[in-house]
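Remarks on the overall topology
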Amino acid sequence: MQYTSSSMMAVFLSLSFCVTSICAQTPPGGPATIGERDFPATVKFEDWSDDSSVQTYTYELLVQTGGVGIGLGVLFSIFMLFHLMCWGYCCECCRCFCFRKERLRSKSCWQQKYRICWLLLASLIIIIGIAGILLVFISSSTLYTNLDGLFDNVIKLLQDGEDFYCVGSVPATLRSGTSLEQIKADNGGTYGVLAKCSGSSVGKFLHTSLTNMNQTFESVINLIDTTQTIITAMNSTINAIDNSTTQCLSINATVYVLYNQSTFIKSHLDTIHGSGNFTNVLPASASIPSVDQQDLIAPNSTRSYLVKAKNSLVTARNNILPTITYDLDVETRKSVDESWNSIYTSLINVGNSLLKQVKANVDMESDAEDGRDSATSTESWGQYVMAAVFAVSVVCLIIMFIGYTPCKKRWPMCCGAYMVFFFFAWLCFILGIFMLLSMIVYDSCGCDGTYTSAGCITMRTTIRTNSKYNFTINNVTANLAETIDKIITCPERTTANGLYDYSADSNFIDIFGLRNAFNYTDDVNDTIAELQQAKSTMNVTTELNQAISQIDTAKSGIALVAVGRYYNFTQDHSKYVYTSSQLANPTNDPTYYPSHTPASVKSENKIRVAELTGVNRDMETQRDLLEIYKFEFNTSCNNIVTDANLIDSSVNASRVAIDNATLQIEGFVGFIATINEYTPCGWIGNAYENIVVGDYCENLFVLLDGTAVGGILCMASMVAGFFLITIFKDCVEFHHSDKLQRIDPGDGRVGQDSKVGGIELVSAERAGKGADGEDIAVSGGITAEPNSPDFEQVTTKVACDPSPIGETVDDGRAPI
């Protein structure tokens, strides 16, 4: 029996120290690194309910966490129950046969001199429990620091997103409480709000794109409007040719008037000179300006040239009229309007979505701050909660320990033991939850101590597996599953000025393959084609040059018309007036007429001279009018030539403008295609590393794992301490029994109290109860010689200070 009790004690001690040793030798990664588990990273979350690998993983978690602590709690609680029964904590009758007190008392390990070893061992176990509590406290106390860091990272992510969308005053204005609608109203709509974005943000890009687009399409519309003036100018020039033709008629009529007047004057002069001697007073008929055949033919021939010039202009106008008035003014204008409206609407919609996201981020910033305040509001006491929970294990042991020393009372030990038995399973469940969570975090990240985006392979695989959603922009679909890995590991590249340093692997557009989504070439191809088609037909140089040549010829023809341009009609007028006065005085007739000249001739010459005076004046007037008509004709022709040249220049300028407009459109489309230079994704990579890898995979795991390790130490000390200190209850009873002293019945009266040698003795009536009301053992006596070891003794409890541990009687044995 001695061997049996010693063996059972060794088993309990071995069990306790094995658990403690396992906890102390946990690998650097903590309990989560123990065992093999395969996290189902390649299985989509939606398929977890039916997947065998998920079921296997769940089974492994349950096994390695002891059924989330419940299994271990129940198992050890059963052991504790039997232990309590075996050591008589329910009642003496339930003590196991091999653990009865009369058997244990004779064992050497229960002797008084060995109890100090039990005491030291119990103290060590309690110290281990306290160390576990400290570890739990240290781990859990970082919770609020980690939470604060998490919210900082979340807010930074939101603000980085805001800067990605629109760097500038817009986010700050939204934070001040101004609504997005009010900001739009104050700035003239979405376009005006985007103007407040700067840097390399998408908003700045959109505003620049919209500005370039407006300028480009406005220039095309201005080009179309300008070409309409070409038709107007050509019509005006054609009308000017018609006017010049009319002027030719006037010139022609004037020439014929001059011809008749010249003929009339010459005829009269010849008649007068033939009737007398008027050489000295009247001009000779030969000196009178004549109208030759060239003068008579030139106006009509000029008209034919003008008609040819007009026909050339009409041909030129008709050649470009459909192009300008229909192709450009109708079709191209419609195409431009449609392209303008389509691209503008598309970009404005993107801008509206962008500004809504900025507003959402600002709102989430506020929510994050509220969440931070809520989460950290319990910091003053929350950091002690987990330590306090696991401190229950040590408190129970301390109560048991106090019952053993210094109180030497059984009831504190019983209370502590019952408390351990009651709380153990619950604490195991709490510990199991921490172990379960730490294992899930450890397995889902797969970092193996390398807390970087590249190191946490399992997390990346899980994200890639569950990133099944695709999204479409402008009919181009991005496959999130194929690209998410590049997004969450996207590097941040900036220039010395803090602007985005473009590379194909660090922006959303290139990674998602969305370049074609912002390729608006198809939207403007019709416009460009129509402009180029218009350009090909807008070539009227040949026709205009022909018209100019005809006009120049017409001018040359009219220039040949010259009747008395420099003739002095005033001098002739004076001669006619003088001659008329001479002939009016008959006394002067001998001077001019021969003597036999009939009176009728003289009378007719007076009339002829008077007529010459009037016709001479009229001819001078017609001569002057002819010069005016010629000047006006030349001016008109010069204007026509100028207009024709301007028309040709305008047409050629329009051709150049079409090329420039085409380049502008292509440049604008090309600029939009550079959106990849405004969509850096490094902020997502930073957020992934800071939040997912840093806050979740590292900080949360360290917190959970550290708490689990501390909890294991507490539970191990709780188990070891329970099994060890429980057996101390017998030591307390043995301790009180050891204090019983032998009393000589002859030195006092039976039934009365007395003192022997300064020691208070109690009567037999009081011998059955101790001072504290506990039952004490009373032995009978034996008959022997006085003062001999066999002398009949009466034993009773001594109400004095306990003797030192290890005290013996005279014969060297332990006190009874």
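Everything quoted here is computed from the prediction, not taken from an experiment.

Criteria and thresholds
- Residues numbered from 1 in each chain as written.
- Predicted model: local features only at pLDDT ≥ 70, side-chain atom pairs only at ≥ 80, totals over all residues.
- Heavy atoms only, no water.
- Helix = DSSP H or I, 4+ residues; strand = E, 2+ residues; numbered from the N terminus.
- Contact = heavy atoms within 4.5 Å.
- Areas by Shrake-Rupley, 256 points an atom, 1.4 Å probe, with all protein chains shown as cover.
- Axes fitted to C-alpha atoms, helices over the stretch in contact; angles between N-to-C directions.
- Parallel < 35°, antiparallel > 145°, perpendicular 65-115°, else oblique.
- Left-handed = near helix turned anticlockwise from the far one by under 90°.
- Nonpolar A, V, L, I, M, F, W, Y, C, P; charged D, E, K, R; others polar.
- Salt bridge = Lys/Arg side-chain N within 4 Å of Asp/Glu carboxyl O.
- Buried < 20%, exposed > 50% of the residue type's maximum accessible area, 1.4 Å probe, protein only.
- Patch = residues over 30% accessible without salt bridge, like charges linked within 9 Å, V, L, I, M, F, W, Y side chains within 5 Å.
- Lys, Arg positive; Asp, Glu negative; His and termini not counted.
- Charge placed at Lys NZ, Arg CZ, Asp CG, Glu CD.
- Expected span 1.5 Å × (residues − 1).
- pLDDT = per-residue confidence, 0-100.
- Pairing = 2+ DSSP bridges.
- Core = buried A, V, L, I, M, F, W, Y, C linked by side-chain atoms within 4.5 Å.
- Disulfide = S-S within 2.5 Å.
- Phe/Tyr/Trp six-rings, centres within 6.5 Å; stacked < 30°, edge-to-face > 60°.

Observations concerning the overall build of the chain
Per the secondary structure count, the chain includes 23 helices and eight strands. By sequence separation, contacts in the chain at least 24 residues apart represent 80% of the contacts at least 6 residues apart. As presented, the chain carries roughly 38,600 Å² of accessible surface, and 57% of it is formed by carbon and sulfur atoms.

Side note on the environment of Tyr578
When you line up the elements, Tyr578 lands in helix H19 (residues 569-583). As for Tyr578 and Val281, which are separated by 297 residues in sequence, their C-alpha atoms are 7.5 Å apart. The contacts of Tyr578, once residues within four sequence positions are left out, are Val281 and Tyr592.

Quick notes on the packing of helix H9 (residues 202-275) against helix H21 (residues 599-672)
Orientation of H9 relative to H21, taken along the N-to-C sense of each, is 165°, at an axis distance of 5 Å. The orientation of H9 relative to H21 falls into the category roughly antiparallel. By crossing handedness, the relation of H9 to H21 is classed as left-handed. For the contact of H9 with H21, the class distribution of residues is 39 nonpolar, 24 polar and seven charged.

Points about the pattern of salt bridges
Where charged atoms from two side chains of opposite charge come close, those side chains can pair. Enumeration over the complete set of coordinates arrives at 22 salt bridges. Glu162 is paired through a salt bridge with Arg175; the nearest N and O atoms lie 2.6 Å apart. Of this pair, Glu162 sits in helix H5 (residues 115-165) while Arg175 sits in helix H6 (residues 170-175), placing them 13 residues apart in sequence. Note that Arg608 is salt-bridged to Glu604, the shortest N-O span being 3.4 Å. Taken together, the residues Arg608 and Glu604, both in helix H21 and four residues apart, mark about one turn of the helix. Classification of Arg608 as buried rests on a relative accessible area of 18%.

Things to note about a negative patch on the surface
On the surface, Asp337, Glu338, Asp522 and Asp526 cluster together to form a negatively charged patch. Going through the elements one at a time, helix H10 (293-376) and helix H17 (521-537) are the ones with two or more residues in the negative patch. Relative to the elements of secondary structure, Glu338 occurs in helix H10. For Glu338, a relative accessible area of 48% gives the class partly exposed.

With respect to the environment of Leu612
Along the chain, Leu612 turns up in helix H21. Sequence spacing of Leu612 and Gln261 is 351 residues, and the spatial spacing of their C-alpha atoms is 9.5 Å. Leu612 has contacts with Ile265, His268, Leu269, Ile272 and Tyr576, leaving out every residue within four places of it along the chain.

Brief notes about H17
For H17, spanning 17 residues, the distance from its first C-alpha to its last is 24 Å, which sits close to the expected 24 Å at 1.5 Å a residue. Every buried residue of H17 is listed here: Val524, Thr527, Ile528, Leu531, Ala534 and Lys535. Looking at the buried residues of H17, the elements they touch are H9, H10 and H21.

Let's talk about the confidence of the model for the chain
Reading fine detail from the predicted coordinates is not recommended where pLDDT is low. A residue-level look at the chain finds 81% of positions with pLDDT of 70 or above and a mean pLDDT of 81. Considering only residues more than four positions removed or in separate chains, one finds that residues 740-816, a stretch of pLDDT under 50, has 100 contacts.

Concerning the pairing of strand S3 (residues 470-473)
Pairing between S3 and strand S4 (residues 476-479): four bridges, direction antiparallel. Looking at the pairing, Ile473 lines up with Val476 of S4. If you look at the hairpin formed by S3 and S4, you'll find two residues sitting between the two strands, and Asn474 has a positive phi there, around 50°.

What to know about the nonpolar core
Counting 176 residues, the largest nonpolar core has Ile343 and Leu354 as its most contacted members. Ranked by residues supplied to this core, first place goes to H9 with 23 residues. Apart from the residues lying within four places of it in its own chain, the contact partners of Leu354 are Tyr165, Cys166, Leu194, Val202, Gly203 and Leu206. Of all hydrophobic cores here, the second largest spans five residues; its members include Tyr144, Leu147, Phe151 and Ala368.

Quick notes on the state of the cysteines
One pass over the structure, following the stated rule, counts four disulfides. Disulfide partner of Cys166: Cys197, at an S-S distance of 1.9 Å. Note on the Cys166 and Cys197 pair: the S-S dihedral is about -100°, so by sign convention the disulfide is left-handed. Taken as a pair, Cys166 in the loop between H5 and strand S1 (167-168) and Cys197 in strand S2 (residues 197-198) lie far apart in primary sequence, 31 residues in all. Here Cys447 pairs with Cys456 through a disulfide, and the sulfurs are 1.8 Å apart. Every disulfide takes its handedness from the sign of the S-S torsion; for Cys447 and Cys456 that torsion is 105°, giving right-handed. With respect to burial, Cys447 and Cys456 carry one shared label: buried.

Observations regarding the side chain of Thr461
Within the secondary structure, Thr461 is located in helix H14 (residues 457-466). Its relative accessible area of 16% is what places Thr461 among the buried residues. Not counting chain neighbours up to four residues away, the residues in contact with Thr461 comprise Ala41 and Thr42.

Digging into the packing of aromatic side chains
When we look at a pair of aromatic rings, we describe it by the centre distance and by the angle of the planes. One pass over the structure, following the stated rule, counts 22 aromatic pairs. Relative to Tyr57, the ring of Phe39 has its centre 5.4 Å away and its plane inclined at 85°; by these criteria the two rings are edge-to-face. Separated by 18 residues along the polypeptide, Phe39 in the loop between helix H1 (2-24) and helix H2 (52-64) and Tyr57 in helix H2 bring together distant segments of the chain. Of the two residues, Phe39 and Tyr57, both sit in the buried class. For the ring pair Phe217 and Trp340, a centre distance of 5.8 Å and an interplane angle of 25° mean the geometry is stacked. Placement of Phe217 in helix H9 and of Trp340 in helix H10 is noted, with a sequence separation of 123 residues between them. Here the two residues Phe217 and Trp340 agree in accessibility, since each one is buried.

Structural notes on the environment of Ser393
Looking at where Ser393 falls in the secondary structure, it is placed in helix H12 (residues 385-404). Taking the C-alpha atoms as reference points, Ser393 and Ile126, 267 residues apart in sequence, are found 9.3 Å from one another. The residues contacting Ser393, other than those within four sequence positions of it, are Leu427, Cys714 and Met718.

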